[in-house]
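Coordinate analysis (summary)
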Amino acid sequence: MPKTDSSEMRRFLDVLLKHGNFTRAARDLYISQPYLTQSIRNVEKTLGVKIINRDVSPLRLTPAGRTYYQYLTALENDKAAFTKQLRQYTHADQVVLRLGILPSLGNYLLPLFLPAFLKAHPTTKIELTEDILARNEQRVLRGELDFLIGQNPETIAPGLDSFDRGRDGYYAIIPNTVTWYQPHQAYLNPGALTTQDLLQAPLVLSPHGSSIRRQVDYLLQKYNVSPNIVIESTSTATITKLATAGLGVTFLPDSVHTRPDPERYNLLPLPQDLLSLNYFIAYPSGHQLNKVEKDLVTIFLTQLEADLAQSSTIP
């Protein structure tokens, strides 16, 4: 009787669902069709339910099959997490640093400091978890991550200490599709629009949980504005392109450069007391940083400082 472990069964199901046919799936898996069929039937016998709907073409999971597939996925995720945790004992001579970061920030920040850090510490392994700030905060607090990289440290959860590089400003993109666009003006003077004007426009924003969205939500509550959010994206590049294409107003940090195009949109510098940015790297309170961890923090701050200083000289 064929026996399969969870990872093999998940692979069998993945390929079977891809082809929707036992014969083609078995060929792709380099096993016999009877072996694949019997493996699935053994699982169904053990579970007491059908996991494959054989009455449709292509084949599909039954509702019970979807539940079983989710169970297999959770098992594989748990195995991966266990392997990572075990590595500190099986590879005691290798330093592993686990970093959490928002995907849109990673696109900008990681290339700035990781190459320099890994050049200084070539045997150190970096493990990344790209997710929204709120979930990564909890991972650091639970000991699943060593560091959290984000913006605006005043918003982070209690129980975390942080290093930051100082405040930077934001600007708004005002596309020519909104009322407050001013033709032929690349830049608007600071204060040219009120906060209420900006917030009442159609908005293109990052999702709840991101640092900039926390600030925008605070302003919406402060000024009692019900927002018209056209779309949300975790990608800064996507947000920028959608705003410049006319979908709505958005807010971006000065470190994200947008080329002026006065026929399509205005760029409006925002006062720092309205919105500001402060990149940080955080870790659990009370944790004593070792030399490698201190080097990570130092290189993060110095490389970021150098890039922002260079950016400020670009017209």
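This is a predicted model, so every value here is computed, not measured.

Partitioning the protein chain into structural domains gives domain 1 (4–80), domain 2 (92–165 + 276–310) and domain 3 (169–268). Computed over C-alpha atoms only, the centres of domain 1 and domain 3 are separated by 47 Å.

One finds Leu109, Ile174 and Phe251 to be the most contacted residues of the largest nonpolar core, which totals 51 residues. The element contributing the most residues to this core is helix 5 (residues 103–120), with 8 residues. Two domains each donate at least three residues to this core, and these are domain 2 (92–165 + 276–310) and domain 3 (169–268). Those residues in contact with leucine 109, other than ones at most four positions away along the chain, are Ile101, Ile149, Tyr279, Phe300 and Leu304. Ranked by size, the runner-up nonpolar core spans 19 residues in total, among them Met9, Leu13, Phe22 and Leu36.

Backbone hydrogen bonds are what pair the strands of a sheet, in a parallel or an antiparallel way. Strands sit in the order 4-3-5-13-6 across an open sheet of 5 strands; the sheet is mixed. The sheet terminates laterally at strand 4 (125–130) and strand 6 (160–164), the two strands that pair on one side only. Strand-to-strand twist in this sheet, taken as the mean axis angle between neighbours without regard to direction, amounts to 25 degrees. Relative to strand 13 (residues 279–284), strand 6 is paired through 5 bridges, and the arrangement is antiparallel. Along strand 13, the bridge assignment pairs serine 162 with alanine 282.

Here helix 1 (residues 6–19) spans 20 Å end to end across 14 residues, near enough to the 20 Å set by a 1.5 Å rise per residue. What helix 1 keeps buried is the set Ser6, Met9, Phe12, Leu13, Val15 and Leu16. Just beyond helix 1, the residue with positive phi is glycine 20, at close to 70 degrees.

Our focus in this paragraph is a nonpolar patch on the surface. Among the surface-exposed residues, Val230, Ile231 and Leu247 lie close enough to one another that they form a single nonpolar patch of about 200 Å² accessible area. Tracing the chain through its elements places valine 230 in strand 9 (residues 228–232).

Before going further, it helps to spend a moment on the UniProt feature "domain: HTH lysR-type" (unreviewed entry) in the protein chain. Under the UniProt annotation, "domain: HTH lysR-type" (unreviewed entry) lies at residues 13–62. End C-alpha atoms of residues 13–62 are separated by 12 Å, and the span's content is 60% helix alongside 8% strand.

Cis geometry is found at the peptide bond from serine 57 to proline 58, where omega equals 0 degrees. Residue position: proline 58 is located in the loop between strand 1 (52–53) and strand 2 (60–61). Positive phi, normally seen in glycine, also occurs at tyrosine 30, with a value near 60 degrees. Inspection of the secondary structure assignment puts tyrosine 30 in the loop between helix 2 (22–29) and helix 3 (33–47). With a relative accessible area of 77%, tyrosine 30 lands in the exposed category.

Along helix 6 (residues 133–141), the residues classified as buried are Leu133, Asn136, Glu137 and Val140. With its buried residues spanning 110 degrees around the axis, helix 6 presents them on a single face. Glycine 143 occupies a position one or two residues after helix 6 and carries a positive phi of about 85 degrees.

Below, the discussion takes up the pairing of strand 7 (residues 168–175). Along any regular strand the residues' side chains alternate between the sheet's two faces. Most of strand 7 is tucked away: 8 of the 8 residues are buried. Taken together, the 2 bridges between strand 7 and strand 12 (residues 276–277) define a ladder with antiparallel strand orientation. From the neighbouring strand, aspartate 168 faces strand 12, where its bridge partner is leucine 277. Both strand 7 and strand 10 (residues 250–253) contribute to a ladder of 4 bridges, which runs antiparallel.

Here we come to the pairing of strand 13. With 5 of 6 residues buried, strand 13 is to be regarded as a mostly interior element. Pairing between strand 5 (residues 147–151) and strand 13: 4 bridges, direction antiparallel. Bridged to glutamine 151 within strand 13 is tyrosine 279.

The rules behind these values
- Residues numbered from 1 in each chain as written.
- Predicted model: local features only at pLDDT ≥ 70, side-chain atom pairs only at ≥ 80, totals over all residues.
- Heavy atoms only, no water.
- Domains from an automatic or database assignment.
- Core = buried A, V, L, I, M, F, W, Y, C linked by side-chain atoms within 4.5 Å.
- Buried < 20%, exposed > 50% of the residue type's maximum accessible area, 1.4 Å probe, protein only.
- Helix = DSSP H or I, 4+ residues; strand = E, 2+ residues; numbered from the N terminus.
- Contact = heavy atoms within 4.5 Å.
- Pairing = 2+ DSSP bridges.
- Axes fitted to C-alpha atoms, helices over the stretch in contact; angles between N-to-C directions.
- Expected span 1.5 Å × (residues − 1).
- Patch = residues over 30% accessible without salt bridge, like charges linked within 9 Å, V, L, I, M, F, W, Y side chains within 5 Å.
- Areas by Shrake-Rupley, 256 points an atom, 1.4 Å probe, with all protein chains shown as cover.
- Salt bridge = Lys/Arg side-chain N within 4 Å of Asp/Glu carboxyl O.
- UniProt positions renumbered as here; feature names shortened; annotations may be inferred.
- Arc of directions from axis to C-beta.

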